Amino acid sequence: MSSYSAQQSSISENNRSRILQYLYHNGISSRAQIAKAIELTPAAITKITAKLLFRDVIEETGDMEGDKNRRSIGLNLNCAKYHVVGVKFARSLVQIAVFDLKCNRISLTDLPTVDEEHIPETVEQIRATVRQLIADDSSIVAVGMAVPGPYLVEEGRTALVSSMQGWRQVNFIKEFSEAFNVPVFVEQDARAGALAQFLFNPELSEGSLAYYLLGEGIGLGIIDNGSIYYGAHGTATEIGHISVDVNGKPCDCGNIGCLERYCSANAIHERLNEQPSIVPGCEAMTHAQACTALFVKAAAGDKAAMDLTSEVARYIGYGAVNIINAFNPTHIVLGDIISQAGQPLLDEVKKVVRERTIPEVGHDTKITLSNLPTDATVSGAAAVAITNFLEHPSMFFDVA
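Colleague: Which residues make up the packing of helix α9 (residues 287-299) against helix α10 (residues 303-327), and what values go with them?
Modeller: Two numbers describe how α9 lies on α10: the axes approach to 7 Å, and their chain directions differ by 115°. When you trace α9 past α10, the crossing you get is left-handed. In contact with L294, F295, K297 and A298 of α9, α10 contributes A305, M306, L308 and T309.

Spelled out as structure tokens, the structure:
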């Protein structure tokens, strides 16, 4: 392809993407509305949408009122027709879900709890499960994967997975990129979660968004003006490995007193195992089960459970202070396992932020709990696939 042809192809792809993204975010629209919004000529819109209609990517929805009371034909993105698979990797937990393009969940599968010795078997089980899902559902057009950070984007592997280093040996691109007959996209888990919040919660689509992942690890994804922040190697925003106690607990990353050592699900489970009277039988539970049991007891008024939950929340608050000082986001969204502690957690985090930030800055940062109906990371894995579907339609359809 000549450089001129390549340039024209790139422009055409960009215009197709802008139309799909406009319809995705705005719903049923006329050709004239789209033309005005994305600043293309009506003739160009008609030409592009004709090909998208032919491929059934978009559909006509009948008459709607247009400019100056003229009748127009509405267009809509065919969100229910196309499905994506989202795969969440979280050390001992792997979830696989199928969604439509609006992230309505169609199915959810939890794989058996993963241990260090059987990671290769888990990888093969993921391949088999996703292949079966694709075989059973011809509407699936892509697979998105959310993996623990720090994720080295160019290499396709995670540089560190504290408390389960075996995942470091897995090259996600090598293991999965050609495993299925649909495209596969891999993203760091917290950034995937941020993408889910950005795509599926209209209140979070403006300004800068920080998704604060509180799971088996502690992560952060930042979206500013619609763009994900990566850093040089794709390992930026690793909030879990910022030290909150320079004389504190050693971390697998080599640092001392990392945030992750005090408020991750793993760290909470470790504390419960040291004080088993708080949650009897916690030794036999998964990290998520132990945390859920703790939060249930705290909500019921158990003082020891309330005290530990409050201590964890304060550490999460210290992380929020660092997020505000480093990135000054408009919104911080708390998600994953630990966010299930609910309003008491949120109240304590906000209290720490009030105590420890410049008032004008901290006061203007909106901190909320994730309100996605499905776990934000598995939704985020789907969001990674959906974003690529919207941004690169020619990967999925012959629309040239």
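Colleague: Provide a residue-level description of helix α13 (residues 376-391), including the pertinent values.
Modeller: Relative to the 22 Å expected for 16 residues at 1.5 Å per residue, α13 spans 21 Å between its end C-alpha atoms, a close match to the ideal helical length. Burial analysis of α13 places 15 of its 16 residues in the buried class, the great majority of the element.

Colleague: So what's going on with the nonpolar core? Which residues, and what values?
Modeller: One recurring pattern in soluble globular proteins: nonpolar side chains tend to sit buried together. Membership of the largest hydrophobic core comes to 55 residues, with the highest contact counts inside it found for Y24, L77, V84, F200 and F389. Broken down by element, this core gets its largest block of residues, 10 residues, from α13. In this view, F200 contacts Y24, L101, K102, C103, L372, S379, A383 and I386; residues no more than four positions away in its chain are not counted. Judged by nonpolar contacts, the second largest core, of 42 residues, contains I239, L272, C282 and A313.

Colleague: Give a description of a negative patch on the surface that names residues and reports values.
Modeller: Taken together, the side chains of D115, E116, E117 and E121 define an acidic patch exposed on the protein surface. E116 gets classed as partly exposed once you look at its relative accessible area, which sits at 33%.

Colleague: Hey, could you go over the sheet that holds strand β15 (residues 366-369) for me, with residue numbers and the actual values?
Modeller: The strand order across the open sheet formed by five strands is β13-β12-β11-β14-β15, and the pairing between neighbours is mixed. At either end of the open sheet lies a strand with only one pairing partner, and these are β13 (227-228) and β15. Here five bridges tie strand β11 (residues 208-214) to strand β14 (residues 331-335), and the two strands are oriented parallel to one another. Residue Y212 lies in a different strand from β14, and its bridge partner there is L334.

Colleague: So what's going on with helix α11 (residues 343-356)? Which residues, and what values?
Modeller: If you check α11, its first and last C-alpha atoms are 20 Å apart, about what 14 residues at 1.5 Å a residue would give, namely 20 Å. Among the residues making up α11, those that are buried are L345, L346, E348, V349, V352 and V353. Seen end-on, α11 carries its buried residues on one side only, within an arc spanning 165°. Facing away from the buried side of α11, by more than 90 degrees, are the exposed residues P344 and R354. Where the residues of α11 are buried, they touch α10, β14, α12 (359-363) and β15.

Colleague: Provide a residue-level description of the pairing of strand β7 (residues 140-147), including the pertinent values.
Modeller: Most of β7 sits out of view: eight of its eight residues are buried. In this sheet, β7 lies alongside strand β4 (residues 83-90) in parallel orientation, the contact comprising six bridges. When the bridges of β7 are listed, G86 appears paired with G144. Two elements, β7 and strand β10 (residues 184-188), share five bridges in a ladder whose sense is parallel. Looking at β10, one finds that M145 is bridged to V186.

Colleague: Got a sec to walk through the environment of L346? Specific residues and values, please.
Modeller: With respect to the element layout, L346 can be found in helix α11. Exposure remark for L346: the relative accessible area of 6% places this residue in the buried category. Sequence-wise, L346 and I367 are 21 residues apart; in three dimensions their C-alpha atoms are separated by 7.8 Å. Beyond its immediate chain neighbours, meaning those up to four positions away, L346 contacts L334, I367, T368 and L369.

Colleague: Any details on the sheet that holds β4? Residues and values, ideally.
Modeller: Read from one edge to the other, the open sheet built from five strands follows the order β6-β5-β4-β7-β10, with strand pairing classed as mixed. Looking at the sheet topology across the chains shown, the edges are occupied by β6 (105-110) and β10. With direction set aside, neighbouring strand axes in the sheet form an average angle of 15°. Direction of pairing for β4 relative to strand β5 (residues 93-100): antiparallel, over a ladder of eight bridges. When the bridges of β5 are listed, V84 appears paired with F99. Against the sheet, helix α4 (residues 119-136) makes contact with β4, β5, β6 and β7, and its axis sits at roughly 15° relative to β5, the strand it touches most. In the packing of helix α6 (residues 189-200) onto the sheet, contacts are made with β4, β7 and β10, and the angle to β10 comes to roughly 105°.

Scoring rules and cut-offs
Residues numbered from 1 in each chain as written. Predicted model: local features only at pLDDT ≥ 70, side-chain atom pairs only at ≥ 80, totals over all residues. Heavy atoms only, no water. Axes fitted to C-alpha atoms, helices over the stretch in contact; angles between N-to-C directions. Helix = DSSP H or I, 4+ residues; strand = E, 2+ residues; numbered from the N terminus. Left-handed = near helix turned anticlockwise from the far one by under 90°. Contact = heavy atoms within 4.5 Å. Expected span 1.5 Å × (residues − 1). Buried < 20%, exposed > 50% of the residue type's maximum accessible area, 1.4 Å probe, protein only. Core = buried A, V, L, I, M, F, W, Y, C linked by side-chain atoms within 4.5 Å. Patch = residues over 30% accessible without salt bridge, like charges linked within 9 Å, V, L, I, M, F, W, Y side chains within 5 Å. Areas by Shrake-Rupley, 256 points an atom, 1.4 Å probe, with all protein chains shown as cover. Salt bridge = Lys/Arg side-chain N within 4 Å of Asp/Glu carboxyl O. Lys, Arg positive; Asp, Glu negative; His and termini not counted. Charge placed at Lys NZ, Arg CZ, Asp CG, Glu CD. Pairing = 2+ DSSP bridges. Arc of directions from axis to C-beta.

Spatial relationships are all this shows, so hold off on functional conclusions.
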